[in-house]
Each structure stands twice: as structure tokens, then as C-alpha cells.
Amino acid sequence: MGKRSFLSLILMLVFSITIQAQSKKWTLEECVKYAIQNNISIKQTELDSKTAAIDKKGAIGNFLPSLNANASHSWNIGLNQDITTGLLQNKTTQFTSAGANIGIDIYKGLQNQNTLRKANLSIVAAKYQLQKMQEDVALNVANAFLQILFNKENLKVQQEQLGINQKQYSRSEELVNAGSIPRGDLLDIKATVASNNQNVISAENALLISKLSLAQLLQLKEFERFDIIDDTNAKDENNILAQTPAAIYDKAKENKIELKIAKTNLEIAEKNVAIAKGAFQPTLQGFYSFSSRVAYSDRIIGVQPNTSNPTSVVGYVEGTNQNVLQNNFSPVLGNALPFWDQFSNNKGQSFGAQLSVPIFNGFSARNNVERSKVSLEKSKIALEQQDLDLQRNVFTAFTDAKGALNAHESSIIALESRQEAYNYAKEKYAVGLMNSFDFNQSQTLLTNAQSEVLRTKYDYIFKIKILEFYFGIPIIKN
């Protein structure tokens, strides 16, 4: 294969991929999955889950010891006590100290344990919130998807009606020229064609806006080329209307995320009460501390052991030829010994346990308990209200779905009648037995009947989706 042929093949493949990307039509399942992966609200809720996981790490950290190190270095300039002679002299003395402390809670009124349990519940609640957000987005996507389908079919109806009226206008011109109908009828039909043109433009705008709404839910930028499939039928595939409202409600109590969230929040509130009550109990903490220090003096140039008294040393004082004898002198107090020797000789350790018994803290502990109890009562009421809302919503959704089905069936019967009436009016108008005003009225009623069939169709589909959702049937199958 030549170089030119190879380049031609590449260009053909790129062009084919571009055409396929532009002509791709999204299914409802693809829209929902894409929205769940890219929707901003879902991403924000996912961050809440990460925050809950971080809080759990903090709760686990409460059981671990705390370790802190410290170090300091200071200069004392002026009248200071000589570290070898004990005399006050104008000099500079330096001190270096370092240490480490370890502390651990042995008992803290079970607050650490309850905080960890609360953190675990918060993670569960965050997962429920994420699932709820995903379900809400799925319902919104389904509603927007069906709205596009309605607008597409409505546009077809308006275009078909425009085509019929344009043909009727041409036919009326022939009838006017033949003297079969007055010219005023032709003007009426011309006005009807203009009105149909406006309806088509409005339907096109409605379709574009509905595509924009769904594209925003999916976080798509080029919504002008965005399109969906057209094969949606008004069918109760899962026969959900065969169920009773009570059966759907019982199923919803097992599956609905709102109830699970309310129950988890109640458990979190109970843990908050337990944590607040823990402040009334004594706390016991263990501790361990290590420290050491080094001292420097700019007037001390060295020390040596006192041979006449092994328990003392002789310090050489700067500017004098006299040895200063200090009994029981510790070399660490001067800078005569090397740094690390002084650090080793001056090290010290302490350890023990500290018991703290709360007696009076300005009612802060009691007030925290009372606030936690109030929050607990609110959580109980919220759970009861969520249960009542769920019951009302299920029965309402069932009634709405039944009513939407009846409305759709009635609209179909009405459309059949309007179609027959239009056909009859068309025949009468063609032979001059009906004026243009009555004929236009028949056309308008037919168009309205067609639009009503579409409206009730997609209203029924969406309400069936909601009822299935309460019954535990997802918008899309995993």
C-alpha cells in the first residue's frame, strides 16, 4: 500500500468516526449511567463520603497515644549567677533543653468508643445520601428524556399539520379559481398556514430547550448535536398497576433510601447523646515524659576533677589564675564537657497516670446532653414524618398512574373521533358544503387531540416509572 493510499484510509476512518459520533442516539440507560458518572451534584455528594471516611480516621486516632517532641534554646545576657561559682556576674549563659511526651486515654467515659461508632454510622449515612442523589438524578434524567420524546413527536404532529394545510391552501386556490369557494376562505386558510408555521417554530424551540436540559444533566457541552432514540412505548411492562397500593408501600419501606437515611440519622443522634453523657464520667490518662538539658557559660573555659576530693571538680574561671572549688559540682552545669556528654548526664524521665473527675463546668456538659436529647427527638419525629410522607407519596403515585392510564386511553378514543370528524369535514369542504372557518376548527380540534394523546402518553410513562421506583424497580437495570 502506497503512502497516499494509507493517508486516504486514515482520513476515511476519521471521517467515519466523526459521522458516527454526530449521529449517535442515546438510550435512556446510557443517559442515566453517564449522568451518574458525571453529574456535579453526585460528585459533591461523593466528597461528603470522603469527608465521613476522614472523620472515621480521626475517631480511630483517639485510641492511639499522642506523641509530642519539644526543644528550646535560650540566651541570658547580663547579671547572671555563675554556674560554677554561684556568684553574680555580667555574662552570657546559654541553655538548651529537649524532651518528648507521650499520653494515652485509658478511660474517657466511653466517648472514644461512641465517637467511632458514630463515625461508622456517618459513613453509612453518606453512602445512603449518595445513593439517593443517584436515584434523584436518574429520575430527573428519565423525566428529561421523556420530555424530549414528547417534543419530538409533537414537532412531527405540527409539521404534518403544516404540510396538510399547505396542500389544502393549494387546493383552495384551485377551488377559488374555479369559483367553488369564496376568496375569503382562501385567506382564512392562509392565516391557518401562518399559524401552523409559528407552531412548528415553537415546537422546534421546545425540542432544543429539552435537549439542552438533558445535556446539562449529563454535563455535555455540545448539546446541539445531542439526540436520543425514539422507540419508547406507553406500556406497563412490569404490570405494576396489578399491585395494590399497600403492597407497594410495604415494598417501599424496605427499599426507600429516605427511610434508611432517617433511621441512620436517628442512630447517630443516639450516639451523640451517649458522647455527651460521657463528659459526666471521670477520665483517666497515662503519661510518660523524657527530657534533658545542656548549659553554657562564656566565662567557663574548662573543668577537671579535683584530685583531693573526688566528689568535686575544679573550674577554671576566665580572666583569673585561680581554681574555683565547688563541692558536688555537676559538669553538666557548665559547658566544659562535650555537648552529648552533658545531654546524657542530664536526662530525666517521668511517668504516671492522671485522674480527672468533673465536678462543675458551668453547666456545659449538662447543656450538651440536653441539646443532644433535643436533636434525638427531632430525629425520631423526622423518621415518623418520612414514613408518613412515603405512605402518602406511594398512594398518590398509584392514583396518579391509574389516572394517567385512563386519561391516555380516553385521549386515544377522542383522537379517533376527531380524526373521523376531520375526514368528514374535509369531504364536505371539498364540495363546498362547509365553510373555511368550520373546517379550520375541525383541523384545530384534530391537532389538539393528537397533542393530548402525546401528552398523556408520556405522562403515563413517567408516572409508571415513579411507581416502579417505589416498588424497588430501578430506572435502569444494572
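A brief structural summary. These figures come from a predicted structure and were not determined experimentally.

Notes on the overall build of the protein chain
- When you go through the protein chain residue by residue, the secondary structure sums to ten helices and seven strands.
- Each of the 478 residues in the protein chain was classed as buried or not, and the buried ones make up 34%.
- Sequence separation of at least 24 residues holds for 79% of the intrachain contacts in the protein chain that already meet a minimum separation of 6.
- A total accessible area of about 28,300 Å² is found for the protein chain, and carbon and sulfur atoms account for 54% of it.

Brief notes about the packing of aromatic side chains
- Counted according to the given criterion, the structure contains six aromatic pairs.
- Centroid distance Phe 150 to Tyr 458: 6.5 Å. Interplanar angle 75°. Geometry classified as edge-to-face. Separated by 308 residues along the polypeptide, Phe 150 in helix α4 (residues 111-178) and Tyr 458 in helix α10 (residues 436-470) bring together distant segments of the chain. Taken individually, Phe 150 and Tyr 458 each receive the classification buried, so the pair is uniform in this respect.
- Among the aromatic residues, those joined into a cluster by ring pairs are Trp 26, Tyr 34 and Phe 226.

Thoughts on helix α7 (residues 257-277)
- With 21 residues, α7 ought to run about 30 Å at 1.5 Å a step, and its terminal C-alpha atoms sit 30 Å apart, in line with that.
- Turning to α7, its buried residues number three or more, namely Ile 257, Glu 258, Leu 259, Ile 261, Ala 262, Thr 264, Leu 266, Ile 268, Ala 269, Val 273, Ile 275 and Ala 276.
- Elements in contact with the buried residues of α7: α4, α6 (245-255) and α9 (364-430).

A closer look at the side chain of Thr 456
- Along the chain, Thr 456 turns up in helix α10.
- Note on Thr 456: relative accessible area 2%, which makes it buried.
- Polar contacts involving the side chain of Thr 456 include one to the main-chain carbonyl oxygen of Glu 452, which spans 2.8 Å.
- When near neighbours in sequence (up to four residues on either side) are disregarded, Thr 456 contacts Ala 404, Ala 407, His 408 and Ser 411.

Remarks on the environment of Leu 214
- Relative to the helices and strands, Leu 214 resides in helix α5 (residues 183-217).
- Beyond its immediate stretch of four places on either side in the chain, Leu 214 contacts Cys 31, Val 141, Ala 144, Phe 145, Ile 148, Phe 226 and Ile 228.

Topic: the nonpolar core
- In this structure, Cys 31, Val 141, Leu 214, Leu 218, Phe 226 and Ile 228 are the most contacted members of the largest nonpolar core, which totals 42 residues.
- For this core, the secondary structure elements donating two or more residues are α2 (28-38), α4, α5, α9 and α10.
- No other element matches α4, which puts 15 residues into this core.
- Ignoring sequence-local partners within four residues, the contact set of Ile 228 consists of Lys 25, Trp 26, Cys 31, Phe 145, Ile 148, Leu 149, Lys 152 and Leu 214.
- Counting 24 residues, the second largest nonpolar core, distinct from the first, contains Leu 383, Leu 390, Ala 404 and Tyr 470.

Quick look at the environment of Val 369
- Position of Val 369 among the secondary structure elements: in helix α9.
- Remark: the alpha-carbon pair of Val 369 and Lys 277, spanning 92 residues in sequence, is separated by 6.0 Å.
- Each residue touching Val 369, except ones within four places of it in the same chain, is listed here: Ala 276, Lys 277 and Phe 280.

Brief notes about unusual backbone geometry
- Its identity is not glycine, yet Leu 110 carries a phi of approximately 60°, on the positive side.
- The topology assignment puts Leu 110 in the loop between β2 (88-108) and α4.
- Look at Leu 110 and you get partly exposed, because its relative accessible area is 40%.
- You will see that Gln 219, though not glycine, has its phi angle at about 60°, which is positive.
- Following the sequence through the fold, Gln 219 ends up in the loop between α5 and α6.

Focus: the environment of Asn 239
- Relative to the helices and strands, Asn 239 resides in the loop between α5 and α6.
- On the basis of relative accessible area, Asn 239 is assigned to the partly exposed category, the value being 47%.
- For the pair Asn 239 and Glu 468, spaced 229 residues apart in sequence, the C-alpha separation works out to 9.3 Å.

Here's the deal with a nonpolar patch on the surface
- Together, Leu 355, Val 357, Ile 359, Phe 360 and Phe 363 give the surface a local cluster of nonpolar side chains, amounting to about 610 Å² of exposed area.
- Judged by relative accessible area, Val 357 falls into the partly exposed class, the value being 47%.

Re the pattern of salt bridges
- Inspection of the entire model under this criterion finds twelve salt bridges.
- In this structure, the salt-bridge partner of Lys 152 is Asp 227, at a minimum N-O distance of 3.0 Å. Separated by 75 residues along the polypeptide, Lys 152 in helix α4 and Asp 227 in the loop between α5 and α6 bring together distant segments of the chain. The pair formed by Lys 152 and Asp 227 is uniform in burial state, with each residue classed as buried.
- The partner of Asp 227 in a salt bridge is Lys 211, with the nearest N and O atoms 3.9 Å apart.

Cut-offs used in this document
Residues numbered from 1 in each chain as written. Predicted model: local features only at pLDDT ≥ 70, side-chain atom pairs only at ≥ 80, totals over all residues. Heavy atoms only, no water. Helix = DSSP H or I, 4+ residues; strand = E, 2+ residues; numbered from the N terminus. Buried < 20%, exposed > 50% of the residue type's maximum accessible area, 1.4 Å probe, protein only. Contact = heavy atoms within 4.5 Å. Areas by Shrake-Rupley, 256 points an atom, 1.4 Å probe, with all protein chains shown as cover. Phe/Tyr/Trp six-rings, centres within 6.5 Å; stacked < 30°, edge-to-face > 60°. Expected span 1.5 Å × (residues − 1). Polar contact = N/O pair within 3.5 Å; in protein donor to acceptor, adjacent residues only side chain to side chain. Core = buried A, V, L, I, M, F, W, Y, C linked by side-chain atoms within 4.5 Å. Patch = residues over 30% accessible without salt bridge, like charges linked within 9 Å, V, L, I, M, F, W, Y side chains within 5 Å. Salt bridge = Lys/Arg side-chain N within 4 Å of Asp/Glu carboxyl O.

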